[in-house]
Amino acid sequence: MSKISMLLICLFIFHLLSAASVRGRKIGIYEIKKGDFSVKVTNYGARIISIFLPDKHGRIDDVALGYDTVEEYENDTTSFGALLGRVANRIGGAQFTLNGTLYKLIANDGANTLHGGPEGFSRVVWNVSKYEQDGPYPHITLTYHSAEGEEGFPGDVLASVTYALEDPYKLSVVMKAKALNKATPVNLAQHTYWNLGGHNSGDILSNVVQIFVSHITPVDEHLIPTGEISPVKNTPYDFLKPREVGSQINELQSGYDINYALDSSAEMKPVAIVHDKNSGRVMDLQASAPGVQFYTANSLIQKGKGGYVYQPHAALCLETQGFPDAVNHPNFPSTIVTPGKAYTHKMLYTFSIMKYWNSC
C-alpha cells in the first residue's frame, strides 16, 4: 500500500468517525504513532480500529480487522477491536451470587451473558482524558463510569484503558478499574482481531502460533466452563511447541474458542507468539492476567474495511483475561473487585520481522 493511499484511507475514516455521535456524545478517532508504526483508536467502545506495521519488504499494512464507519461499529456483533467489560467472556445462566445476593444479568448469548451484556463497555462512548499523538511517549487514556445496575451488575465502577507506543514496535495496553461503592466482578479484555498478513489477506490457518500454557478450562456445549482445569497434552489445544493454526483445527467442531490457564505467577507472563510466514511479521504477547482466550473467528462472515468480506478464520484473537464464568466457579481465580482495592490488567505486544522460524 502506498503512503498516499494510506493517507487517503486515514482521512476518509477520520471524516466519518470524527463527525459522529452516540446519544449526543461526540465520537472521534485518535492516532498514536512512532515512525511507520501507528495505532488508531476510537472512543466508541475504546476500540482499536487499525494497526499499521511494516512487513519484511517494508510494505505497510493494517493488521487489525474492522470497519470504515462508526455506524458499522454501532451495529457490530463481532466486537472488533473493543474494550470488553464490565465482565468479558461468558457468565453462565446470566446470574451470579455475591455476598449472599443473587444478581440477575441481561442474557445476550442464549441463556448466558457475553462480554458484559448487550450494552457492555464496547457500546458506550468513553471520555478521552489524555492524548499525545507522537513524541517520546505517544499514548491515549480513555475512561468510563459504569453506573450501579448497568446490565444488572452491582455498584459503580470507574474504568480506564491506556494505549501507548514504546520502542521498538511495542504496543502497551493497561486496563484499570475501581469499585466505587460495592464489591463487583470486573474482567476487562481487549478484543482485537489480528491478521498479521494484513486485514484483507485471507485466513490465518498458516500462521505459526506458540502458546506458553499447559492447561485449558474445558467448556460445555454452550461454551460455559465446566469448572475443570485440564492439560493440553495430546490434544489439539497443545501449542506449547510452535505449529500452524490449521494443523489440527479439523479435529475441533469449528475451531479454537477456549480459555488457557496461564502457568506463570509472575506479574508479566509470556502468553503467546504469532508468526505470519508470508509477511514475516511476528507478534509476541505478554500479560498480567491469569488466562487467555484463543479464538479463531470460526463463524465470521462480515463485510469490513474497504468492502472486503471477512470469512471464517480470517483472524485470530488472544484475549488475556480472568477465567470465563469465574463468578460461578470458586476454584477459579477471583474476578471480584472491592472498594479500596484497584484492578489492573496489563498487556504488552512486541512486533518484529522474522523471515524464517527454524523451529516451525
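From a predicted model like this one, the values you see are computed outputs, not experimental measurements.

Q: Mind showing me how you'd approach the layout of surface pockets here?
A: Vacant regions in the atomic arrangement are exposed by a probe of water-molecule size rolled over the atoms. Its volume calculated, the largest pocket comes out at about 960 Å³. In this structure, the largest pocket is lined by 38 residues; those nearest its centre are Arg90, Leu114, Leu223, Asp257 and Tyr295. For the lining of the largest pocket, the secondary structure elements donating two or more residues are strand 22 (257–261) and strand 25 (291–295). Split into classes, the residues belonging to the lining of the largest pocket amount to 13 nonpolar, 16 polar and nine charged.

Q: Explain the pattern of salt bridges here, please?
A: Once their charged atoms are close, side chains differing in charge can pair, the charge on each being opposite to the other. Inspection of the entire model under this criterion finds 10 salt bridges. When the shortest N-O distance is used, the salt bridge between Arg47 and Asp76 registers 3.1 Å. On the criterion of sequence distance, the pair formed by Arg47 in strand 5 (residues 47–54) and Asp76 in the loop between helix 2 (70–74) and strand 7 (82–84) is long-range, its members being 29 residues apart. For the residue pair Arg47 and Asp76, the accessibility class agrees, reading buried in each case. Its salt-bridge partner being Asp61, residue Arg59 comes within 3.0 Å of it at the nearest N-O pair. The exposure class of Arg59 is partly exposed, given its relative accessible area of 46%. Connected through salt bridges with shared partners, the residues Arg59, Asp61 and Arg281 form a single ionic network.

Q: Looking at this structure, how should I read the sheet that holds strand 19 (residues 215–217)?
A: In sheet architecture, strand pairing relies on hydrogen bonds along the backbone and comes in two forms, parallel and antiparallel. Taken together, five strands build an open sheet; the order of strands is 20-19-22-25-28 and the sheet is antiparallel. Because the sheet does not close on itself, it has two edges, and the strands there are strand 20 (230–231) and strand 28 (317–321). As judged from the two bridges shared by strand 19 and strand 20, these two strands associate in the antiparallel manner. Each bridged residue has a counterpart across the sheet, and for His215 the counterpart in strand 20 is Pro231.

Q: Looking at this structure, how should I read the environment of Tyr310?
A: Position of Tyr310 relative to the elements: it lies in strand 27 (residues 309–310). With a relative accessible area of 0%, Tyr310 lands in the buried category. For Tyr310, the residues in contact, after removing those within four places along its chain, are Leu65, Gly66, Phe80, His199, Leu300, Ile301, Gln302, Gly304 and Lys305. A polar side-chain atom of Tyr310 sits 2.8 Å from a polar atom in the side chain of His199.

Rules behind the numbers
Residues numbered from 1 in each chain as written. Predicted model: local features only at pLDDT ≥ 70, side-chain atom pairs only at ≥ 80, totals over all residues. Heavy atoms only, no water. 1 Å grid on protein atoms, 1.4 Å probe; cavity = no way out; pocket = protein on both sides within 12 Å on 5 of 7 lines; lining within 4 Å. Points joined across faces, edges and corners; volume = space filled by probe spheres on them. Helix = DSSP H or I, 4+ residues; strand = E, 2+ residues; numbered from the N terminus. Nonpolar A, V, L, I, M, F, W, Y, C, P; charged D, E, K, R; others polar. Salt bridge = Lys/Arg side-chain N within 4 Å of Asp/Glu carboxyl O. Buried < 20%, exposed > 50% of the residue type's maximum accessible area, 1.4 Å probe, protein only. Pairing = 2+ DSSP bridges. Contact = heavy atoms within 4.5 Å. Polar contact = N/O pair within 3.5 Å; in protein donor to acceptor, adjacent residues only side chain to side chain.

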